[in-house]
Amino acid sequence: MKYEYPSVYETFRCIGGACPDTCCAGWEVDIDPDTYDYYMETEGEFGRRLRSHMTEDEDGDIFFPLTPEGRCPFLNRQDLCDIFSELGEESLCRVCTEYPRYYLPVGDYEQIDMSLSCMEVGRLFFSDPEPVRYLTQEDIMDGDPISAEETARRDDILERRNEMLSFMQEAASGTADERFEALLSRFPELSPESDEELLTAMDQLELIDERWNDIMIPIRANLTAIQRQEPAFLDHADPEFDRWTGKLISYFLFRYCLNVFSSGNWENEMRFIRRSLRFIRLMCIARAAGLLPRSSYDGRLSGQEEKNHCNSFTQNDMIDIAHLYSKQVEHSDGNVELLRKFIK
Ligand code: SF4
């Protein structure tokens, strides 16, 4: 089996109680079948507490519903996990163990990615001055078998993805925006889309994070002003902003291209990536213009001094914007699917 992952996979450590936006709040926790069996057999008072929170949805899936404050019922006042403290890390649900890692196996290849919805991942990702590096490891495990034809198709997709990543990261000239435009021109079926059409698509998303309304409403209300401010925003931006943009493009290319293996549709993945990058750009301009709430994130919780400024848009703004977008969009299969599709 061959595993491929960004270098942040090796350096990431969860900062637990020091996290500015813990992943143990805002999302219900799905309980996988193995963990369900284990919790059903857990004895004593804590076992009873586990089972008292387990709830079945209409599809028969079991989950922990959030408290009225929107937190996991096992997240304590110190923002630490009671299941971890009582039963150990190996007793966590699979989703809690894996997050913020994502696994996409296809045959004897597995893509592992790190979600920017975790701000500690974002801090490591954006503060690294080097382009995103992808590392590989191999072991003797077999993946789920796929046919020779499927293997060839997967390898074609990976080759095309890697070529696009190299183009984005190694092209000697032009801004990240210009290189991405050149890359999109390879997909002539991808029809242009106005920002107004993009917002129509964004309006249809299922609400995952309550803070999303504080983003959508001002962006919709001020779209013309935001568009007008874009040239000045880019003109005065610290050169770091171009580097952050290039990294984001790499992030989306790496994470989504391999979905073409199951969908067979490059245009839909590239449409999703283009829409994501464009909406994140609108968020950045709106944040710099003071239209979006400021984050209290100061980036220093794990020793990182904030030092990159572009006008009033900082590296910590970039980390925060990417995490808000990722939480609202990437953590809902339905939202990702909606943004893949052509919407008139
Ligand atoms: S969001 Fe990241 S750093 Fe924060 S608690 Fe979750 S995994 Fe840890």
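Residues numbered from 1 in each chain as written. Predicted model: local features only at pLDDT ≥ 70, side-chain atom pairs only at ≥ 80, totals over all residues. Heavy atoms only, no water.

- The protein appears in an unreviewed UniProt entry as Lysine-N-methylase from [Clostridium] aminophilum.

## Some remarks on the pattern of salt bridges
Then, in step 1: Applying the stated criterion to the full structure yields 28 salt bridges.
Then, in step 2: Between R287 and D317 there is a salt bridge, and its shortest N-O distance comes to 2.7 Å. Highlighted residues: R287 in helix α14 (residues 266-288) and D317 in helix α15 (residues 315-330), separated in sequence by 30 residues.
Then, in step 3: Take R287: its relative accessible area is 1%, and that puts it in the buried class.
Then, in step 4: On the accessibility criterion, D317 (5% relative accessible area) is buried.
Then, in step 5: Overlapping salt bridges, with partners in common, bring together D177, D195, E230, R278 and R281 in one network. (Salt bridge = Lys/Arg side-chain N within 4 Å of Asp/Glu carboxyl O. Helix = DSSP H or I, 4+ residues; strand = E, 2+ residues; numbered from the N terminus. Buried < 20%, exposed > 50% of the residue type's maximum accessible area, 1.4 Å probe, protein only.)

## Quick look at the sheet that holds strand β2 (residues 29-31)
Adjacent strands of a sheet form backbone hydrogen bonds with each other and so pair up, either parallel or antiparallel.
Then, in step 1: Reading across from one edge, β2-β4-β3 is the order of the three strands in this open sheet, with antiparallel pairing throughout. Strands at the two margins of the open sheet, each flanked by one partner only, are β2 and β3 (55-56).
Then, in step 2: As defined by bridge partners, β3 adjoins strand β4 (residues 62-64) across two bridges and the pair is classed as antiparallel. Paired with T55 across the bridge in β4 is F63. (Pairing = 2+ DSSP bridges.)

## Some points on the environment of G16
Then, in step 1: Positionally, G16 belongs in the loop between α1 (8-11) and β2.
Then, in step 2: A relative accessible area of 27% means that G16 is categorised as partly exposed.
Then, in step 3: Between the C-alpha atoms of G16 and C81, which are 65 residues apart in sequence, the distance is 8.6 Å.

## Some points on the environment of L199
Then, in step 1: Within the secondary structure, L199 is located in helix α9 (residues 195-202).
Then, in step 2: Since its relative accessible area comes to 0%, L199 is described here as buried.
Then, in step 3: In this structure the C-alpha to C-alpha distance between L199 and R275, which are 76 residues apart in sequence, comes to 9.6 Å.
Then, in step 4: Residues contacting L199, with those up to four places away along its chain left out, are M216, I219, R220, L223, F279 and L282. (Contact = heavy atoms within 4.5 Å.)

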